[in-house]
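# Observations on chain architecture
Residues per chain, in single letters:
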Amino acid sequence: MERIEEKLMILADAAKYDVSCSSSGSKRKNIGGIGDASSSGICHTYTEDGRCVSLLKILLTNHCIYDCAFCVSRKSNDVKRAAFTVEEVVDLTMNFYRRNYIEGLFLSSGIFKNADFTMERLLRIVKKLRLEERYNGYIHLKTIPGASEELIQEAGLYVDRMSINLEMPTEAGLKLVAPEKSHDAVRKPLQFVNTKIQTFQNEKKLIKHTPTFVPAGQSTQMVIGATPENDWEIMSVADEFYKKYQLKRVYYSGYIPINNSDAFLPQIGTNPPLIRENRLYQTDWLLRFYNFNLNEILNPAFTQLDLDIDPKLSWALRNLHLFPVDVNTADYQTIIRVPGIGRQSAMKIVSARKYGSLREYQLKKMGIAFNRAKHFIICADSAVSLGFKYAPQLKNIILQTGNSKYKLQTPENQLKLF
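Residues numbered from 1 in each chain as written. Predicted model: local features only at pLDDT ≥ 70, side-chain atom pairs only at ≥ 80, totals over all residues. Heavy atoms only, no water.

### A closer look at the overall build of the protein chain
Helix and strand content of the protein chain: 15 helices and eight strands. Put simply, the protein chain has 418 residues, and 50% of those count as buried. Contacts in the protein chain between residues far apart in sequence, at least 24 positions, make up 68% of those at least 6 positions apart. Counting every atom, the protein chain has about 19,900 Å² of accessible surface; 52% of that belongs to carbon and sulfur. (Helix = DSSP H or I, 4+ residues; strand = E, 2+ residues; numbered from the N terminus. Buried < 20%, exposed > 50% of the residue type's maximum accessible area, 1.4 Å probe, protein only. Contact = heavy atoms within 4.5 Å. Areas by Shrake-Rupley, 256 points an atom, 1.4 Å probe, with all protein chains shown as cover.)

So this is what it looks like as structure tokens:
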């Protein structure tokens, strides 16, 4: 038991740098076994630096044949090494689940001998959990780049979500820190799994008992701040992957320095770019749920996100000719673009105005950030405007307002994502 505990400490600590562990969207139901990963999803808790720790989140091993400069498990790094057996991972998962310590499994791995050798062991783990232990809880499996399509396809029948890390946003950045790797080794399995998901979904329409295949979809992760890509380059890659591979999520992980051996990387003591990471997530949210086009937020003429204000406010200040918006006549898609108004608040506005013109006191009760939104909207009792403010002036007013979350925080503090 002492040896298992030591392995768990080493391999859980090594896994904390992978943030792509969302567990929403699965529809795998309990069919007579243990656990349930149905649509209610998994609840998460977060550490102070924003990392998800709710799942049993471990590596099969932190041994690796690669020497990626940004990775704590790189083969040249002087760290304790460990490896679980297939049986040990299965036993840990079941014991932790029965004790209500976890609600799911997030399993990744360094690469032992080659991609297939490692992927075959990951496959054995998920098969034993599903078939022998009758475990129906949530499983998120990291695909090993370069693994054969046969292994990936079989694994997809037993897991809820699969993901494979892009690592660096651009091929040039990846070659700088991991010359042995390529984006092509990531794109191929993403395309393969996406095609298989669609195939199984189409077969399900014709054959009722078609098995599920990766029901919670795919995700990927990019390390931010290790290489010199700007925000436009980063989000261009994310936007392409959402459209091309129908990913559920793209994760942006601020680089945490692990040693000083590589002069071209940020050195130990450098603060992770957490505010920048937060702004990238907010931009991602606007693309996926607010119907923004990437070129509206970032483009070759505007390549870096503002750190002191969120991307929706930044866009609004660069497009003041589109404001103010009349909340009593504007459509839903226009209203959700107003800074301080989210999707739920916009739906409340559209619904409530059917019964009469909306006034300021009513908007305040709908949960909008009125001190921000008031600069961009007019309602039934709005005062007559004597002219719209210039963008720099308006930005300063918003930043100086009370406890505005748009005030730039010190790098040590992690902001809320949304």
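Moving on from the coordinates now.
### Some details on the packing of helix α3 (residues 115-132) against helix α4 (residues 149-156)
Running from amino to carboxyl end, α3 crosses α4 at an angle of 20°, the nearest separation of the two axes being 10 Å. As far as their axial angle goes, α4 and α3 are roughly parallel. As for how α3 packs across α4, the hand of that crossing is left-handed. Contact with α3, carried on its side by D116, M119, E120, L123 and K127, involves L151, I152, E154 and A155 of α4 and no other residues of that element. (Axes fitted to C-alpha atoms, helices over the stretch in contact; angles between N-to-C directions. Parallel < 35°, antiparallel > 145°, perpendicular 65-115°, else oblique. Left-handed = near helix turned anticlockwise from the far one by under 90°.)

### Some thoughts on helix α15 (residues 391-399)
Taken together, the buried positions of α15 are occupied by L394, I398 and L399. The buried residues of α15 occupy an angular sector of 135° when projected down its axis, which confines them to one face. Where α15 is buried, its residues contact α10 (311-318) and α14 (370-373). (Arc of directions from axis to C-beta.)

### Some thoughts on the pattern of salt bridges
Side chains carrying opposite charge are able to pair once their charged atoms draw close together. Under the defined criterion, the tally for this structure stands at 16 salt bridges. One salt bridge connects R130 with D160, and the closest N-O pair in it is separated by 2.9 Å. In this pair, R130 sits in helix α3 while D160 sits in the loop between α4 and β4 (161-163), placing the two residues 30 residues apart along the sequence. Among the residues examined, D160 registers a relative accessible area of 0% and is labelled buried. Of the charged contacts, one joins E167 and K181 as a salt bridge, the two residues approaching to 3.8 Å between their closest N and O atoms. Of this pair, E167 sits in the loop between β4 and α5 (171-177) while K181 sits in the loop between α5 and α6 (184-206), and the two are 14 residues apart along the sequence. In this pair, the class of E167 matches that of K181, namely buried. (Salt bridge = Lys/Arg side-chain N within 4 Å of Asp/Glu carboxyl O.)

### Let's talk about the pairing of strand β6 (residues 249-254)
For β6, the tally of buried residues reaches six of six residues, placing the bulk of the element in the interior. Here β6 shows two buried faces, one formed by R249, Y251 and S253 and the other by V250, Y252 and G254. In terms of strand pairing, strand β5 (residues 218-224) meets β6 through six bridges, oriented parallel. In the strand pairing of β6, M222 is matched with Y252. Handedness of the crossover joining β5 and β6 through helix α7 (residues 231-245): right-handed. (Pairing = 2+ DSSP bridges. Right-handed = clockwise from strand over helix to strand, strands pointing away.)

### Brief notes about the nonpolar core
If you look at the biggest cluster of nonpolar residues, it comprises 57 residues, and the most contacted ones within it are M222, Y252, I341, L363 and F376. Looking at which element gives the most residues to this core, the answer is α7, with seven residues. Beyond its immediate stretch of four places on either side in the chain, L363 contacts V327, I349, L358, I368, F370, I377 and C379. Core analysis: the second largest hydrophobic core is formed by 46 residues, L56, L92, L105 and L141 among them. (Core = buried A, V, L, I, M, F, W, Y, C linked by side-chain atoms within 4.5 Å.)

### Some words on the sheet that holds strand β1 (residues 56-59)
If you trace the six strands from one edge of the open sheet to the other, you get β1-β2-β3-β4-β5-β6, paired in parallel fashion. The open sheet is flanked by β1 and β6, the only strands paired with a single partner. Sheet twist, expressed as the mean angle between neighbouring strand axes with direction ignored, is 20°. Those strands touched by α3 are β2 (104-108), β3 (138-142) and β4, and its axis lies near 175° from that of β3.

### Quick word on the packing of aromatic side chains
Evaluated as defined, the whole model comprises ten aromatic pairs. Consider the rings of F323 and F376, whose centres lie 5.2 Å apart with planes at 75°: the pair is edge-to-face. Placement of the pair is F323 in the loop between α10 and β7 (325-326) and F376 in the loop between α14 and β8 (377-378), with a sequence separation of 53 residues. The residues F323 and F376 share a single accessibility class, namely buried. An aromatic cluster is built from F292, W315, F323 and F376, whose rings are joined through pairwise contacts. Above the face of the F117 ring, R121 is positioned so that its terminal group lies 3.6 Å from the ring centre. (Phe/Tyr/Trp six-rings, centres within 6.5 Å; stacked < 30°, edge-to-face > 60°. Lys NZ or Arg CZ within 6 Å of the ring centre and 35° of its normal.)

### Quick notes on α10
Burial within α10 is extensive, with seven of its eight residues counted as buried. The set of residues buried in α10 consists of P311, K312, L313, S314, W315, A316 and L317. Buried positions along α10 lie against α8 (274-289), α9 (294-297) and α15. Its side-chain oxygen placed 2.9 Å from the backbone nitrogen of K312, D310 serves as the N-cap of α10. (Polar contact = N/O pair within 3.5 Å; in protein donor to acceptor, adjacent residues only side chain to side chain.)

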